[in-house]
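This is what each chain is made of:
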Amino acid sequence: MQITGAQALMKCLTEQNVDCIFGFPGGAVIDIYDELLRHPEITHVLVRHEQAAVHAADAYARVKGDVGVALVTSGPGATNTVTGIASAYMDSIPIVVFTGQVPTTLIGNDAFQEVDIVGITRPCTKHNYLVKDVKDLVPTIREAFHIARSGRPGPVLIDLPKDVMAGKLTFPEPAPVQMRTYRPTYEPHPGQIDKACREILKCSRPVLYIGGGIIASKASAEVTELAKKLNIPVTMTLMGLGGFPGTDTLSLGMLGMHGTYYANMAVANCDMLIAVGARFDDRVTGKIAAFAPQAKIIHIDIDPSSISKNVKVQVPIVADCKRALADMNHWFETTAEVDPKAVAARHEPWISQIKEWKTAHPLGYIEETGVIKPQFVVQKLHELTGGEAIICTEVGQNQMWAAQFYQFDKPNHWMTSGGLGVMGYGFPAAIGAQMAAPDKVVIDIAGDGSIQMNIQELATARQYRCPVKIAILNNNYLGMVRQWQELFYNKKYSATVLDVAPDFVALAKAYGAVGLRATTPSEVEPVIKEALATKNTVIMDFVVCREEGVYPMVPAGKATTEMLLV
Amino acid sequence: MRHTLSVLLQNKPGVLSRVTGLFSGRGFNIESLSVAPTLENEVSCLTLVTKGDEAIIEQITKQLHKLIDVIKVTDMAEHEFVEREMALIRVKAEAGSRAEVLRVIDIFRGKVVDVAPKSYVVEVTGSPTKIKAIIDILRPIGIQEIVRTGSVAMTRGVK
Ligand SMILES: Cc1ncc(C[n+]2csc(CCOP(=O)(O)OP(=O)(O)O)c2C)c(N)n1
Ligand SMILES: [Mg+2]
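Per chain, residues are indexed from 1 in the order of the written sequence. Just so you know, chain letters begin at A and ligand numbers begin at 1, following the order they were written in. Residue-level local features of this predicted model are given only where pLDDT is at least 70; pairs of side-chain atoms are given and counted only at 80 or more, and the full residue set underlies all totals for whole chains, interfaces and linings. Only hydrogens and water are set aside; all other atoms, that is, all heavy atoms of the structure, feed into the side-chain values.

Here we take up the overall build of chain B. Each helix is a run of DSSP H or I of at least 4 residues and each strand a run of E of at least 2, with the numbering of both proceeding from the N terminus. Counting its secondary structure elements, chain B contains 4 helices and 9 strands. Taken from N to C terminus, the helices and strands of chain B fall in the order β-α-β-β-α-β-β-α-β-β-α-β-β. The cut-offs for exposure are 20% and 50% of the maximum accessible area for each residue type, with area from a 1.4 Å probe on protein chains only; residues under the lower value are buried, those over the upper are exposed, and the others partly exposed. Every one of the 159 residues in chain B was classed for burial, and the buried ones make up 42%. Surface summary for chain B: the accessible area is close to 8,800 Å², and the carbon and sulfur share equals 55%. His is not counted, nor are the chain ends, whereas Lys and Arg count as positive and Asp and Glu as negative. Where a charge lies is defined by one atom per residue type, namely NZ (Lys), CZ (Arg), CG (Asp) and CD (Glu). Of the side chains in chain B, 22 bear a positive and 19 a negative charge, and the two mean positions are spaced by 3 Å. Working definition of accessibility: Shrake-Rupley area with a 1.4 Å probe, residue cover restricted to the visible protein chains.

What follows is about the coordination of the magnesium ion (ligand 2). Residue and element names in this part refer to chain A. Protein-derived ligands of the magnesium ion (ligand 2) are Asp 448 (OD), Asn 475 (OD1) and Tyr 477 (O), with the metal-ligand distances lying across 2.1 Å. Only nitrogen, oxygen and sulfur atoms qualify as donors, provided they sit within 2.8 Å of the metal or within 3.2 Å for Na, K and Ca; with water excluded from the atoms, sites may seem incomplete. Sequence spacing of the donors to the magnesium ion (ligand 2): D-x26-N-x1-Y. Residue classification places Asn 475 among the buried residues on the basis of a relative accessible area of 5%. The class of Tyr 477 is buried, set by a relative accessible area of 7%.

All names here are of chain B. With antiparallel pairing, 4 strands are arranged side by side in an open sheet as β2-β3-β1-β4. Only two strands of the sheet have a single neighbouring strand rather than two, namely β2 (32-37) and β4 (70-75). Adjacent strand axes in the sheet meet at a mean angle of 15 degrees, parallel and antiparallel pairs treated alike. Two strands pair if DSSP finds at least two bridges between them. Pairing of β2 with strand β3 (residues 43-51) involves 6 bridges; the strand directions are antiparallel. Here the axes come from fitting lines to C-alpha atoms, over the contacting stretch only for helices, and the angles between their N-to-C directions go from 0 to 180 degrees.

Right, let's get into the packing of aromatic side chains. Residues and elements named next belong to chain A. Only Phe, Tyr and Trp rings are paired, with Trp represented by its six-membered ring, and only when their centres lie within 6.5 Å; those with planes under 30 degrees apart are stacked, over 60 edge-to-face, the remainder tilted. As enumerated under the stated definition, the model contains 12 aromatic pairs over all chains in all. Here Trp 484 and Phe 488 contribute two aromatic rings whose centre-to-centre distance is 5.9 Å and whose plane-to-plane angle is 80 degrees, an arrangement assigned as edge-to-face. Pair noted here: Trp 484 and Phe 488 are both in helix α21 (residues 479-488), with a separation of 4 residues, about one helical turn. On the accessibility criterion, Trp 484 (25% relative accessible area) is partly exposed. Given a relative accessible area of 36%, Phe 488 falls into the partly exposed group.

One widely used convention gives an interface's size as the accessible area the parts lose upon coming together. It only takes one pair of heavy atoms within 4.5 Å for two residues to be counted as in contact. Taken residue by residue, the interface counts 17 residues in chain A and 15 residues in chain B. As a working definition, buried area equals the accessible area (1.4 Å probe) given up by two parts on being put together, with both sides summed. Carbon and sulfur atoms make up 45% of the area that chain A and chain B hide from each other, which totals about 1,500 Å². It is Arg 122, Arg 180 and Thr 181 of chain A that lose the most area in chain A upon contact with chain B, and together they represent 40% of the buried surface on that side. Should a side-chain nitrogen of Lys or Arg be within 4 Å of a carboxyl oxygen of Asp or Glu, the pair is scored as a salt bridge. Our count for the chain A to chain B interface comes out at 3 salt bridges. Note that Glu 58 of chain B is salt-bridged to Lys 312 of chain A, the shortest N-O span being 4.0 Å. N or O atoms within 3.5 Å of each other form a polar contact, as long as, within protein, one can give a hydrogen and the other can take it, and as long as residues adjacent in sequence are counted only when both atoms are side-chain atoms. At the boundary of chain A with chain B, the tally comes to 9 residue pairs in polar contact (both at pLDDT 80 or more).

So, on to empty space enclosed by the protein. Residue and element names in this part refer to chain A. Any residue with an atom within 4 Å of a point lines the site, the site being either a cavity, points on a 1 Å grid over the protein atoms alone where a 1.4 Å probe fits but cannot get out, or a pocket, an open set with protein on both sides within 12 Å along at least 5 of 7 lines. Grid points are joined across faces, edges and corners, and a volume is the space filled by probe spheres set on the points. Counting across every chain of the model gives 1 cavity of 30 Å³ or more. Size it by volume and the largest cavity reaches roughly 30 Å³. What lines the largest cavity is simply Leu 9, Leu 13, Ile 21, Val 69, Leu 71 and Phe 98. Taken together, the elements giving at least two residues each to the lining of the largest cavity come down to α1 (5-15) and β4 (68-72). Under the convention adopted here, Pro, Cys and the residues Ala, Val, Leu, Ile, Met, Phe, Trp and Tyr are nonpolar, Asp, Glu, Lys and Arg are charged, and Gly plus all remaining residues are polar. Considering only residue class, the lining of the largest cavity consists of 6 nonpolar, no polar and no charged.

The subject of this paragraph is the environment of Leu 381 of chain A. Residue and element names in this part refer to chain A. With respect to the secondary-structure elements, Leu 381 resides in helix α17 (residues 374-384). Distance from Leu 381 to Phe 405, taken between C-alpha atoms, is 9.5 Å for residues 24 residues apart in sequence. Sequence-distant contacts of Leu 381, defined by excluding residues within four places in its chain, comprise Tyr 406, Ile 443, Ile 445, Ala 471, Ile 528 and Met 540.

Moving on to the environment of Glu 40 of chain B. Looking at the secondary structure, you find Glu 40 of chain B in the loop between β2 and β3. Sequence spacing of Glu 40 of chain B and Gln 10 of chain B is 30 residues, and the spatial spacing of their C-alpha atoms is 9.9 Å.

Now for helix α18 (residues 397-405) of chain A. The buried count for α18 of chain A comes to 9 of 9 residues, which makes it a mostly enclosed element. Those residues of α18 of chain A not exposed but buried are Gln 397, Asn 398, Gln 399, Met 400, Trp 401, Ala 402, Ala 403, Gln 404 and Phe 405 of chain A.

Let's shift gears to the nonpolar core. Residues and elements named next belong to chain A. Only buried residues count toward a nonpolar core. Its members are Ala, Val, Leu, Ile, Met, Phe, Trp, Tyr and Cys residues joined through side-chain atoms within 4.5 Å. Counting residues in each nonpolar core, the largest one holds 69 residues, and the members touching the most others are Leu 208 and Phe 542. Considering each element in turn, this core owes the most residues, 6 residues, to helix α14 (residues 321-334). With sequence-adjacent residues up to four places away left out, Leu 208 is seen in contact with Val 223, Leu 226, Ala 227, Ile 232, Pro 233, Val 234, Thr 235, Ile 274 and Val 276. Of all hydrophobic cores here, the second largest spans 52 residues; its members include Val 45, Ala 56, Met 415 and Val 442.

Every α-helix winds through 3.6 residues per turn, so residues three or four apart in the chain are directed the same way. Residue and element names in this part refer to chain B. Multiplying 1.5 Å by the helix residue count minus one yields the expected span of that helix. Taking 1.5 Å as the rise per residue, helix α2 (residues 54-66) with 13 residues should run 18 Å; its terminal C-alpha atoms sit 18 Å apart, in good agreement. Of the positions making up α2, those classed as buried are Ile 57, Gln 59, Ile 60, Thr 61, Lys 62, Gln 63 and Leu 64. Those residues of α2 that are buried are in contact with β1 (2-10), α1 (15-25), β3 and β4.

Right, dumping it as structure tokens:
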């Protein structure tokens, strides 16, 4: 039986277990939208800007641990997705973005709403396709999902010309994807595992440094087992938060530019750094020559190009993090003459040293009477949600305070645009997260600047009854940039004062959402409680200490031990 | 250091721009590049000459591997190999210098492939150093135009 391209697309989505997509229509995808009406099993979330569709799909993927999907029209619809795609690419999030395209006969003619989106997104997708022949449609979609979710995950874009969607084909039988050129390495080399474990036996001051790869490979249990078995402290990158319980005594919290004092001290003084699913980003390493200068480095990553890119490592292991860690755990349990308890005991002096650092400079802030400290708001959010909420963030100080003070104990509860740092990510992400987990409390910890970058999504949240909570840490500044200007540009606040700001409470009301405001510390708890008790979308406007800074801070390009402290 | 990389590619639309985009986007340099079909219909071979220290070459190789359409990357520096390039050179050849030009071409085993009243077009093939040598020698006589193919390379011995 012959079916249309649009019908085949729907069948493919079902085949890939897609039950929710985020999109925005237009002429080039009108056939697809028409077909969508006949598929009530697929929920379509109509966003109000295509960038939001991609961020929502990104967060949906993070919560579900599977591929997120966005659908947009050609031309401006397609170009509006670029920021979202680039963010997913930097954070290795599996999404598939379908863009409409002008009919194949018009491609290259500067047709109305034609843009070479495949060319534009080539450097920010894991792979992308233009489907020119309806015969290729189904194999291409299958391949795209396979690429997005396997190996180091990432975004894949498929450009769909209008005539291809209307063209006829016979739907090919489901078949496993076989690719000649793409076969990620999942299994670690046993020799390298042995070498790594023997190096760990020789060290006395180890640190586990874990990143987003732990989340992507679902390796929290394995890394927790290794850390506990051998008594190794764990620090997390921004993307790795929740990979290891943040409230555990072995947790050092986040490292790097706004990392904890003790995480940065531990890395600077360790003699063994076990990097797992992390990529030695400049925000983590600071001045590269001064990063973990005394350490031998073991680096586990599924992407060979991440290994020895910024820092030379002694034991590279190309593998799925989960499998490599499981093999290491097994090695320590079963290797003759190796006693994990003795290894753990040997690390005790190191653990004591770390305790001293923790006591000397805990994460903190200075309280001021009558003024809401933004960190206090995050602490209260943690307390009143029992640490169980899914937290999305915007970018800037709000993001860093969320990372520092909401101690994540579980993976897949933390959504932030880590690599690209996209202001405007958090709110659409919260909508995506809420669609994936309707029963969860989902909070966007926001800045007053960032929230305005995708504020139009209030309509989406309302339309799909997403009871997302937005907590604006309102400092009336582009705070993070202002902080740099305060510290390094003589307090010259060029273009960082938000002179005109909306009344966020009234704005919420205008969309039929609920708006609440707290201006004193005593109002914080009641506002949060009321928000959590509300079934509707809520904006909480916390008027916070305007010139509060994020500390510790490692000035750009400095060694991570050169921290500015509270 | 100069490295010659041989890259086998799936012959898909846009594949060349994936490779060149990777080089420009990551700030790697391309000294020469040539690409043509292989024995297999769907596979092209791209020979690329680049410069960089060991760490950079390692990154280039890994990043190339990461491209979905790349089948295989060989760094010729890890093998015994032959490398050849062809150049077409339009050189001034007037009454006084014709004999001299022909002598030089002969030494380099080049061929005159086009003759005009006051110039020859010379075809010469060889290693990049040989091409450089003939250019250096012909330059004082008067080179009007050069077109080069860029290097192609193959490992020596049995496969
Ligand atoms: C799309 C985008 N544009 C610009 C920036 C640069 N930037 C980083 S943080 C920041 C300030 C954010 O202000 P706000 O949302 O109010 O957060 P705050 O730092 O005040 O908490 C800016 C402008 C960015 N990250 N993303
Ligand atoms: Mg702000």
